[in-house]
Amino acid sequence: MKLFSHSTGRLIFITVTAAILLSLGSCSKNKKAVYNLEGTMILDVKQSTDQELINPTVYTNAEGVIAVLCGYGFEDFDEKFASVKRKFGVNENGGLLLPLYYPEDFKHGNTARISDLYTLINNQKVKGILLLGSPEGTNIALARIQDSYQLKVPYPVFSFFPQDDVLGMESTCNFVLEYERTSKEEATTESSIEFDENIVELVSNAIKYIYELPGPLPQDNELSYHVQKIVGENVKIHNFKDSETGIASINHFVIDKE
């Protein structure tokens, strides 16, 4: 007795083939690239999907480290950003991050010299730099790095909540980001940072963005788009304006107070 006819076999083959094609189609939809009008790929920093949580991205220093300067307000980076360190890993264990702690890693006796940033950075294969609460004089060290590349640093440099000279930061970083401050607060050199989950997510987004970038962010009309992707779509930002001249900076952004 025939239990399996040729016509039945063809039907099963067609059904299985269709199922495979549908599966491949759904996978390709989840991996589509997005481009702007100029044909430039748009990077997208988004919340992790369930699949990404099951199979998280393994970040390594194969393409270079991301140096994270932990300055004023970020001295206890290990504690408050423990989840960030676990996610990206640290350089000494083959991970992505190279945390640099100010003033500890910059001390000569009892004196901390931020100028050492030049040596600490240039001794590494660097994928990018993230400055958190950078102290006064950081821009001078960054200018030395710029000079070593004939003003064409090949990797991104982001500055969050700097305590350094504003113009110096703007001239040596792809962009500067800080919270909105009153004119009285702007007159002071240092400002306090209140930590919450938003700060941790912001830093994590910035590191991921640097990791995915092929090079530095140009200071053009699309810069605000990139900054908005890093801070999140629900966070309002605007260009920083000098309180005396009223001139808006092209690469200095302020997070609006709620």
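Residues numbered from 1 in each chain as written. Predicted model: local features only at pLDDT ≥ 70, side-chain atom pairs only at ≥ 80, totals over all residues. Heavy atoms only, no water.

What about the sheet that holds strand S7 (residues 175-179)?
- Pairing within the open sheet is mixed, and its 7 strands lie in the order S2-S1-S5-S6-S7-S9-S8. If you trace the sheet from one side to the other, it starts and ends with strand S2 (97-101) and strand S8 (237-241), each paired once. Each strand of the sheet is rotated relative to its neighbour by a mean of 25°, with strand direction disregarded.
- The sheet contact formed by strand S5 (residues 126-132) and strand S6 (residues 157-160) spans 4 bridges and is parallel. Paired with Ile129 across the two strands is Val157, which belongs to S6.
- Sheet strands touched by helix H6 (residues 138-148): strand S1 (65-70), S5 and S6. Its angle to S5, the strand with the most contacts, is close to 165°. (Pairing = 2+ DSSP bridges. Helix = DSSP H or I, 4+ residues; strand = E, 2+ residues; numbered from the N terminus. Axes fitted to C-alpha atoms, helices over the stretch in contact; angles between N-to-C directions. Contact = heavy atoms within 4.5 Å.)

Regarding the nonpolar core
- Judged by nonpolar contacts, the single largest core of 36 residues is most densely connected at Leu130, Phe158, Phe160, Phe175, Leu177 and Ile207.
- In this structure, Phe160 is in contact with Leu130, Leu131, Leu132, Gly133, Phe175, Leu177, Leu202, Ala206 and Ile230, ignoring residues within four places of it in sequence.
- In terms of nonpolar packing, the next biggest core, distinct from the first, is built from 23 residues, Leu100, Val126, Leu131 and Leu142 among them. (Core = buried A, V, L, I, M, F, W, Y, C linked by side-chain atoms within 4.5 Å. Buried < 20%, exposed > 50% of the residue type's maximum accessible area, 1.4 Å probe, protein only.)

With respect to the confidence of the model for the protein chain
- When pLDDT is averaged along the protein chain, the result is 82, and 72% of the positions lie at 70 or above.
- Counting interchain partners and residues more than four positions distant, the pLDDT-below-50 stretch residues 46-51 has 4 contacts. (pLDDT = per-residue confidence, 0-100.)

As for the pairing of S6
- Burial along S6 is two-sided: Val157 and Ser159 and Phe158 and Phe160, pointing in opposite directions, are all buried.
- Crossover connection from S5 via H6 to parallel S6: handedness right-handed.
- Relative to S7, S6 runs parallel, the two being bridged by 3 bridges. Bridge pairing in S7 places Ser159 opposite Val176.
- With helix H7 (residues 166-172) bridging S6 and the parallel S7, this β-α-β connection has right-handed handedness. (Right-handed = clockwise from strand over helix to strand, strands pointing away.)

Re unusual backbone geometry
- Residue Pro103 is bonded to the preceding Tyr102 through a cis peptide linkage, with omega at 15°.
- Position of Pro103 among the secondary structure elements: in the loop between S2 and strand S3 (107-108).
- The backbone of Leu151 sits at a positive phi, close to 70°, despite the residue not being glycine.
- When you line up the elements, Leu151 lands in the loop between H6 and S6.
- Leu151 gets classed as exposed once you look at its relative accessible area, which sits at 60%.
- Within the chain, Phe161 stands out as a residue other than glycine whose phi angle is a positive 50°.
- With relative accessibility at 3%, the residue Phe161 sits in the buried group.

As for the environment of Tyr179
- Summarising the element assignment, Tyr179 is placed in strand S7.
- Judged by its relative accessible area of 29%, Tyr179 is partly exposed.
- The spatial distance from the C-alpha of Tyr179 to the C-alpha of Phe253 is 8.5 Å, given a sequence separation of 74 residues.
- Once residues lying within four places of it in the same chain are set aside, the contact partners of Tyr179 are Phe161, Ile199, Val254 and Ile255.

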